[in-house]
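Here is how the chains run, residue by residue.
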Amino acid sequence: MKLKKIQIYGFGKWIDQSWDLSEEPLSLFVGHNESGKSTLMAFIHAIFFGFPSKRENQYLPRDSNKYGGTLIIDLYPYENLSIQRVGGRRQKGHVTIHYPDGRTGDEQDLHTLLKGLDVNTFKGIFHFDLDGLQEMKGMTPKELNRYLYDAGMTGASKLASLEKSIEQMSDRLFKPRGKKTEINDLANQLNELKQSLQKWEDQLNNYGEIQASVREIEQTLVHMNHEQKKIQQQLRKLDKRMSLSKVANDWNALKQQIDSQENIERFPLNGVDRLDQLNELLAEKGAKRLHEKEKIQEKYNELELLVTEFLDEQTAMNLNMTVEQLPLYKNWQDEEIQLSFKEGELVKQQKFIEEEWVPYTKNEFHKANIHGFIIDKYEQLKEKWQLLCRQEESLTEEKNRYNREKTVIEQQLEYEKEHLLSAEDEREYEQSLLHHGNEKIIKKEKEMLIEQQAWIKKDKERLESSIKSKMNGLYSFMLVIAMLAVYQILVSDYALLIFLFISSVILLFFIRKTRVDHKRETEKLEAEDKEKKDRIREFSMEEAGTVNVVQLEQILRQNQERKIQVDVKTQKITSIRQQMAQWEEDRNQLLKEWTSFHDHMAAWTEEASLPSDKEVMFYGRFLSSIKEWKQINRECLTIIEKRSALQKKMTEYENSVYSLSTKCQVNVPIEATVEEQVRALKQLMKSKMEMEEEKRRLNDQVALSEDVLLQTEQELKQIKRQKQELLAYAEVEHEETFRSKAEQFAEQQRMTGRLREWDLQMMAIIPDKMERDKMIQEIFSREMDEELEQDQLNERLNQIEQQKNELLTSLSHEKLELKQLEEEGTYEEQLQRFMTRKEKLNNLVKQWAVFKTSEYMIQKVKAIYEKERQPKVMKKAQEIFSKLTEAKYPYLFAPLGEERFLVERNDGQRFEPNKLSRGTCELLYLSIRLSLAIEDSTKWNFPLFMDETLVNMDKQRRGAVLDYLHEVSRKRQILFFTCHDHIKDEVDRTKLGVITHVITP
């Protein structure tokens, strides 16, 4: 299987995201923590095996309603098979498989395609994560060996965990010598219950007699309780009669007294208090009226003493405005000082510019015309000058190139001509060829080769000298460009700086081209030199003999080629001479353009009123300085205008202050400043306003006092009217009569209240009215000795209480015997408890048998694994572990039936895993997991998912693991997840076929 594309509609943080995995078999996903690597891994799990349950993290997207996505895979015999899973009514979601031929499939088809692979098997075999490595921390030697052994079976510790869990549950149920297990405990309880049942059977005969005695005593107690309640009721009734008798007698005497007095039917409520309050209010209001009259008279006296001369409205307005403008006047002063300082700074800048361009005077700066069209025209002239310079440089370089080419070709032509065979030699070679060779030809050819070799050596020396001089010239020109660039940066002329940058780029390109050409020519000469040496060596070996036919033919063929080369070189020289003639014409045309340029430059300098006969770049700097000088000059004029306006405003303000001081007769010294005059005016205005405010305040107080006086007189009238109404309601005319009648009414109310209180006491004693009236009538009609009757009833009550205590003592003794018989329940309860525990024991025994059977089955599975599957897995794990440790540990053993590993070092020593270092132990774990995944490829050729499996390894072993993963990836797709940049860098440096996906948060 190969994952070709991941398309996420919505899953966790990923919304509408896709990854293409079709290019390389090894894909590296790099991202920091919280970037979404784990979410991507969970998405792949979810597409294959269903979405997580609600108890787990379901990765529901926050910003989208779409939930799910698509995986496109190659799975034999299908290509581009699409598996889509989206949210639906089922917890696992709705899955749709799209086959290449257009068919669709469902969950059952996916299960068939995966060949029954479930999520636990997938994670145990094909998913490598850091959790498997972290679990090895803190393990005991036995646990570590068991963990690695189990990893070789299922890829994880699930089988060992299951076996250990079953063993623990089995031991928790029963141990042969255990005391606290459930089965042992239940067996002990059953023995105890059996003994208890036997004891119960012996005691059942006495149980009936005791119960009969208890019932008889309880009936007697019921009769005595009934009699006790009856006596208690009589006592309570007697207590009520005794309590009611005292209250009823007092109530009757008071009622007779009330009936004998005169009844006052009407009197004001709290009349005396209300009369006293009204008298106090009359006295208070009278005193207040007198006080307000005196206060009004005092205010009138103060107003008569207060005489104020007020300012007219216009003067007050001008005075107020002048005071408010004082901060503005100070700001004008500060601003004038700042402008004066700025003007001085600008003048200094102008002088600095003028000194920089000595001998040019200020008048020349004024006369200079730097309008926009002048500057534009200068830029055009500068561009024209730069173009002409480039053309001139190009023509110079072109001429040099023509001269070099002409020199080289002429030398080559001369060489070819020198080494051409003469007509006689040619005929002689032809005759020698006819007569199968001649010794003289071989000797002459050897001499020619030696001469050619010497010429090649000279040509190499000439070429080295030429390239050295050429490179020195180019480097010198490059240095000049660099110095000009630095200067232009200082003067801020960026246009020329750009031109210099382009020129330097062209020059660097030309330098590189020259070096490449030189290298090519050198290699060509060295090849020719080697060829000549080989031929000389051949001629030296055959010098004693005759030249064979092949050599003669080769000499004649080379001579014919030289003739052709002579013709070609001659034609090239003719072409170069024609090109040089064209160069002369181009040079003349360039001279004409230079003349035209100088004419335009002179006209421009005259139009701009600038000095002539200067360099083009001079005018650029000069124009910048003139522009800056004129800008400073304009700023100076603006500042002078502002200072004049400010001085005018300050003078007007000072005159207005002096005028107001004179008009208001402010007493200040003649030499006083404007601020002092304004302060004096402000003080005058303040004193006038305070006097006016004081008069207004007194008038307000008088008005307020008059209102208070009027209100007080009205309140006096109201109080007097209320007093008359109070006396009239009591039907009296004088206060003395009112107070006497009030005392009589209060006494009458007191006796009535006391009578009502006794009524309430009698109601509390006997709430029922008929019963209460009946008992009162009995009290008034007949007399009885209530205390004697009470003593008799109490004596009988004590006798009953004593008899009850004796019966209760006997009852408790009988019940204690019953309790001893019933302390563990009835016989039926004990029997039911015995049967329940017996049934529970049978169930636990069945569970224990199931656990023991499971242990036996796991042992059988391990035995089958050791015989059938383990040898292949261990052989592959040994190969991988040896390769990853660079053959330091070449052998790996798993003794049959012992459920442990042994590792053999290259010196023959053997170790258990707990004796290895942490990193080596992790390599062993990884080797076992990889071997299991590779051996399972026959059934499930699933991609390998590796999540941070290299984080605890050193660089060397990481490199070994990466090399092996690259080897595995040739047959198996691998997806590697990491958050460490150094692992990404190491993968990049290996230059393996890896495609990297950078995941950003």
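Computed from a predicted structure; not experimentally measured.

Chemist: For this particular structure, what's the right way to read the sheet that holds strand β7 (residues 104-105)?
Modeler: The strands making up a sheet associate through hydrogen bonds between their backbones, and the pairing can be parallel or antiparallel. In space, the six strands of this open sheet follow the order β2-β1-β4-β5-β6-β7, with antiparallel pairing throughout. At either margin of the open sheet sits one strand with a lone partner, and together these are β2 (14-20) and β7. Sheet topology note: the strand β5 (residues 78-86)/strand β6 (residues 94-98) ladder contains five bridges and is antiparallel. The residue bridging Q84 from the neighbouring strand is T96, located in β6. Running at roughly 100° to strand β1 (residues 2-11), helix α1 (residues 37-49) makes contact with β1, β2, β4 (68-75) and β5 of the sheet.

Chemist: Explanation requested: the pairing of β2 in the structure shown.
Modeler: The side chains of a regular strand alternate between the sheet's two faces. Examined bridge by bridge, β1 and β2 share six bridges and lie antiparallel to one another. Within β2, the position partnered with Q7 by the bridge is S18. The loop that links β1 with its antiparallel partner β2 comprises two residues; one of these, G12, has a positive phi angle of about 65°.

Chemist: How should unusual backbone geometry be read in this particular structure?
Modeler: Trans peptide bonds make up the majority, and among non-glycine residues the majority have a negative phi. Of note in this structure, D16 is not a glycine but carries a positive phi near 50°. You can see D16 is positioned in strand β2. On the basis of relative accessible area, D16 is assigned to the partly exposed category, the value being 48%.

Chemist: Looking at this model, I keep getting lost on the sheet that holds strand β12 (residues 944-947). Mind explaining?
Modeler: Sheet architecture is open: five strands sit in the order β8-β12-β13-β3-β14, paired in parallel fashion. One side of each edge strand has no neighbouring strand; the edge strands of this open sheet are β8 (127-129) and β14 (994-998). Between one strand and the next, the sheet's axes are offset by a mean angle of 15°, whatever the strand orientation. Here three bridges tie β8 to β12, and the two strands are oriented parallel to one another. Its bridge partner lying in β12, F128 is registered against M946. The strands touched by α1 within the sheet are β3 (26-30), β8, β12 and β13 (974-978), with β13 carrying the most contacts at an inclination of about 150°.

Chemist: Honestly, helix α23 (residues 918-935) in this entry has me stumped. Any pointers?
Modeler: When the terminal C-alpha atoms of α23 are compared, their 26 Å separation across 18 residues agrees well with the 26 Å that a helix rising 1.5 Å per residue should span. With 16 of 18 residues buried, α23 lies mostly within the body of the structure.

Chemist: How should I be thinking about the pattern of salt bridges in this particular structure?
Modeler: Should their charged atoms come close, side chains of opposite charge can pair. Evaluation of the coordinates by the stated rule reveals 20 salt bridges. In this structure, the salt-bridge partner of K285 is E715, at a minimum N-O distance of 2.6 Å. Of this pair, K285 sits in helix α8 (residues 271-305) while E715 sits in helix α18 (residues 674-729), and the two are 430 residues apart along the sequence. In this structure, K377 and E607 form a salt bridge, with 3.5 Å as the shortest nitrogen-oxygen distance.

Chemist: Explanation requested: helix α24 (residues 955-968) in the structure shown.
Modeler: Because the α-helix completes a turn every 3.6 residues, residues three or four places apart line up on one side. Compared with the 20 Å implied by 1.5 Å per residue over 14 residues, the 20 Å span of α24 between its first and last C-alpha is a close match. What α24 keeps buried is the set R957, R958, A960, V961, L962, Y964, L965, H966 and V968.

Chemist: Just checking my understanding: could you explain a nonpolar patch on the surface for this structure?
Modeler: A cluster of nonpolar residues, I498, F501, I502, V505 and I506, forms a patch on the protein surface that exposes about 500 Å² of accessible area. You can see F501 is positioned in helix α15 (residues 494-542). On the accessibility criterion, F501 (56% relative accessible area) is exposed.

Chemist: What is the right way to look at the packing of helix α12 (residues 372-418) against helix α17 (residues 616-663) in this model?
Modeler: At a minimum axis separation of 10 Å, α12 and α17 run at an interaxial angle of 150°. In this view, α12 runs roughly antiparallel relative to α17, as classed from their interaxial angle. Of the two elements, α12 crosses α17, and the hand of that crossing is left-handed. The segment α12 lies against α17, with Y378, K382 and W385 engaging V616, M617, Y619, G620 and L623. Of the residues belonging to the contact of α12 with α17, the class tally is six nonpolar, one polar and one charged.

Chemist: Where do I start with the packing of aromatic side chains in this structure?
Modeler: Evaluation of the coordinates by the stated rule reveals 14 aromatic pairs. Geometrically, the ring pair formed by F29 and F977 is stacked, given 5.0 Å between the ring centres and 10° between the ring planes. Taken together, the positions of F29 in strand β3 and F977 in strand β13 put the pair 948 residues apart, joining distant regions of the chain. Note on W594 and F597: the rings are 5.8 Å apart at their centroids and 85° apart in plane angle, and the pair reads as edge-to-face. Taken together, the positions of W594 and F597, both in helix α16 (residues 549-607) and three residues apart, correspond to about one turn of that helix. For W594, a relative accessible area of 12% translates into the label buried. Ring pairs connect the aromatic residues F11, F43, F51, Y59 and Y67, which therefore count as one cluster. One Lys or Arg, R103, reaches over the ring of Y99 and ends 4.1 Å from the middle of that ring. Directly above the ring of F618 sits K614, whose terminal nitrogen or CZ lies 5.7 Å from the centroid.

Chemist: Looking at this model, I keep getting lost on the side chain of E986. Mind explaining?
Modeler: Looking at where E986 falls in the secondary structure, it is placed in helix α25 (residues 981-990). Exposure remark for E986: the relative accessible area of 8% places this residue in the buried category. If sequence neighbours within four positions are ignored, E986 has contacts with K955, R958 and L962.

Chemist: Which parts of the structure should I look at to understand the side chain of R562?
Modeler: Within the fold, R562 resides in helix α16. For R562, a relative accessible area of 10% puts it in the buried group.

Chemist: Where do I start with the packing of α8 against helix α19 (residues 735-765) in this structure?
Modeler: Between two packed helices, what matters for the description is the angle formed by their axes and the separation of those axes. Across the interface, α8 lies against α19 with an axial gap of 9 Å and an inter-helix angle of 150°. In terms of orientation, α8 and α19 fall into the roughly antiparallel class. For the pair α8 and α19, the contacting residues are G271, V272, L275, D276 and N279 in the first and E735, F738, R739 and A742 in the second. Here the contact of α8 with α19 is built from residues that sort into four nonpolar, two polar and three charged.

Rules behind the numbers
- Residues numbered from 1 in each chain as written.
- Predicted model: local features only at pLDDT ≥ 70, side-chain atom pairs only at ≥ 80, totals over all residues.
- Heavy atoms only, no water.
- Pairing = 2+ DSSP bridges.
- Helix = DSSP H or I, 4+ residues; strand = E, 2+ residues; numbered from the N terminus.
- Contact = heavy atoms within 4.5 Å.
- Axes fitted to C-alpha atoms, helices over the stretch in contact; angles between N-to-C directions.
- Buried < 20%, exposed > 50% of the residue type's maximum accessible area, 1.4 Å probe, protein only.
- Expected span 1.5 Å × (residues − 1).
- Salt bridge = Lys/Arg side-chain N within 4 Å of Asp/Glu carboxyl O.
- Patch = residues over 30% accessible without salt bridge, like charges linked within 9 Å, V, L, I, M, F, W, Y side chains within 5 Å.
- Areas by Shrake-Rupley, 256 points an atom, 1.4 Å probe, with all protein chains shown as cover.
- Parallel < 35°, antiparallel > 145°, perpendicular 65-115°, else oblique.
- Left-handed = near helix turned anticlockwise from the far one by under 90°.
- Nonpolar A, V, L, I, M, F, W, Y, C, P; charged D, E, K, R; others polar.
- Phe/Tyr/Trp six-rings, centres within 6.5 Å; stacked < 30°, edge-to-face > 60°.
- Lys NZ or Arg CZ within 6 Å of the ring centre and 35° of its normal.

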